[in-house]
Amino acid sequence: MSDEEHHFESKADAGASKTYPQQAGTIRKNGYIVIKNRPCKVVEVSTSKTGKHGHAKCHFVGIDIFNGKKLEDIVPSSHNCDVPHVTRTDYQLIDISEDGFVSLLTENGSTKDDLKLPTDESLLSQIKDGFAEGKDLVVSVMCSMGEEQICALKDIGPK
């Protein structure tokens, strides 16, 4: 038909869903669950017995993995819950800009400049102090449901 070449914008996630369904009765402590559209780590699960009519209920207490807020949800144990895809990636820290953004080195050698410094005070001071001392720092970035945040720090020795 035509001799033109077509170029398509490639996306990293290939249109994959941010969550997957899992039966509420199979979600355990230290797993992940979506409560009020926020990805949470489950810290407590309790199951109530079935009543005269109805299902056994699972009571979940979760901590939001990005802002640390405590959220609760009650779901019938036979129903499906959304479970977020959570990935952790390690990047080497290259630079910290004045406006609070970090420059990170990815596995393939390119840079990632769209992440802010964490809001957690102790982690923030560890990153700033270690960087000021000229240490080689590796930060762990947790990514879930379209959000990313630095969640941990490793010192791999002096530069």
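Small disclaimer: the values here were computed from a predicted structure and weren't measured.

Draft legend 1. The arrangement of a negative patch on the surface in detail. A contiguous patch of negative charge on the surface is contributed by D95, E98, D99 and D113. With respect to the helices and strands, the residue D95 is situated in strand β7 (residues 86-96). Of the residues examined, D95 reaches a relative accessible area of 37% and is grouped as partly exposed.

Draft legend 2. Representation of the pairing of strand β9 (residues 111-116) within the structure. As judged from the four bridges shared by strand β8 (residues 101-105) and β9, these two strands associate in the antiparallel manner. For V102, the partnering residue across the bridge sits in β9 and is L115. Hairpin remark: β8 followed by β9, antiparallel, with five residues in the connecting loop; positive phi at G109, about 90°.

Draft legend 3. Just helix α1 (residues 121-132), in detail. In this model α1 runs 16 Å from its N-terminal to its C-terminal C-alpha over twelve residues, within 8% of the 16 Å that 1.5 Å per residue would give. Within two residues after α1, G134 carries a phi angle of roughly 80°, on the positive side.

Draft legend 4. Quick look at the sheet that holds strand β5 (residues 70-76). Ordered in space as β2-β3-β4-β5, the four strands form an open sheet in which the pairing is antiparallel. Here the strands that pair on one side only, and so sit at the sheet edges, are β2 (32-35) and β5. In this sheet, adjacent strand axes meet at a mean angle of 45° when their direction is disregarded. Here seven bridges tie strand β4 (residues 57-64) to β5, and the two strands are oriented antiparallel to one another. Across the sheet, the residue bridging to H59 is I74, located in β5.

Draft legend 5. Main features of unusual backbone geometry. Residues other than glycine seldom take positive phi values, yet K36 does so here, at roughly 50°. Residue placement: K36 occurs in the loop between β2 and β3 (38-48). You can call K36 exposed: its relative accessible area is 61%. The backbone of N37 shows a phi angle near 60°, a positive value even though the residue is not glycine.

Draft legend 6. Local environment of the pattern of salt bridges. Summed over the entire model, instances satisfying the criterion amount to six salt bridges. The residue R38 makes a salt bridge to D64 at a minimum N-O spacing of 2.6 Å. Note that R38 is positioned in strand β3 and D64 in strand β4, a separation of 26 residues in sequence. By relative accessible area, which is 23% here, R38 ends up partly exposed. Judged by relative accessible area, which is 3%, D64 ranks as buried. Measuring nitrogen to oxygen at the nearest pair gives 3.3 Å for the salt bridge that ties E133 to K135.

Draft legend 7. Summary view of the environment of V75. With respect to the helices, strands and loops of the structure, V75 is situated in strand β5. Take V75: its relative accessible area is 10%, and that puts it in the buried class. Sequence separation between V75 and Q23 is 52 residues, and the spatial gap between their C-alpha atoms is 9.8 Å. Contact partners of V75, with chain neighbours within four places excluded, come to A24, A56, K57, C58, F60 and C81.

Draft legend 8. Inspection of the side chain of T106 at higher detail. One can find T106 in the loop between β8 and β9. T106 has contacts with Y91 and K112, leaving out every residue within four places of it along the chain.

Conventions and cut-offs
- Residues numbered from 1 in each chain as written.
- Predicted model: local features only at pLDDT ≥ 70, side-chain atom pairs only at ≥ 80, totals over all residues.
- Heavy atoms only, no water.
- Patch = residues over 30% accessible without salt bridge, like charges linked within 9 Å, V, L, I, M, F, W, Y side chains within 5 Å.
- Areas by Shrake-Rupley, 256 points an atom, 1.4 Å probe, with all protein chains shown as cover.
- Salt bridge = Lys/Arg side-chain N within 4 Å of Asp/Glu carboxyl O.
- Lys, Arg positive; Asp, Glu negative; His and termini not counted.
- Charge placed at Lys NZ, Arg CZ, Asp CG, Glu CD.
- Helix = DSSP H or I, 4+ residues; strand = E, 2+ residues; numbered from the N terminus.
- Buried < 20%, exposed > 50% of the residue type's maximum accessible area, 1.4 Å probe, protein only.
- Pairing = 2+ DSSP bridges.
- Expected span 1.5 Å × (residues − 1).
- Axes fitted to C-alpha atoms, helices over the stretch in contact; angles between N-to-C directions.
- Contact = heavy atoms within 4.5 Å.

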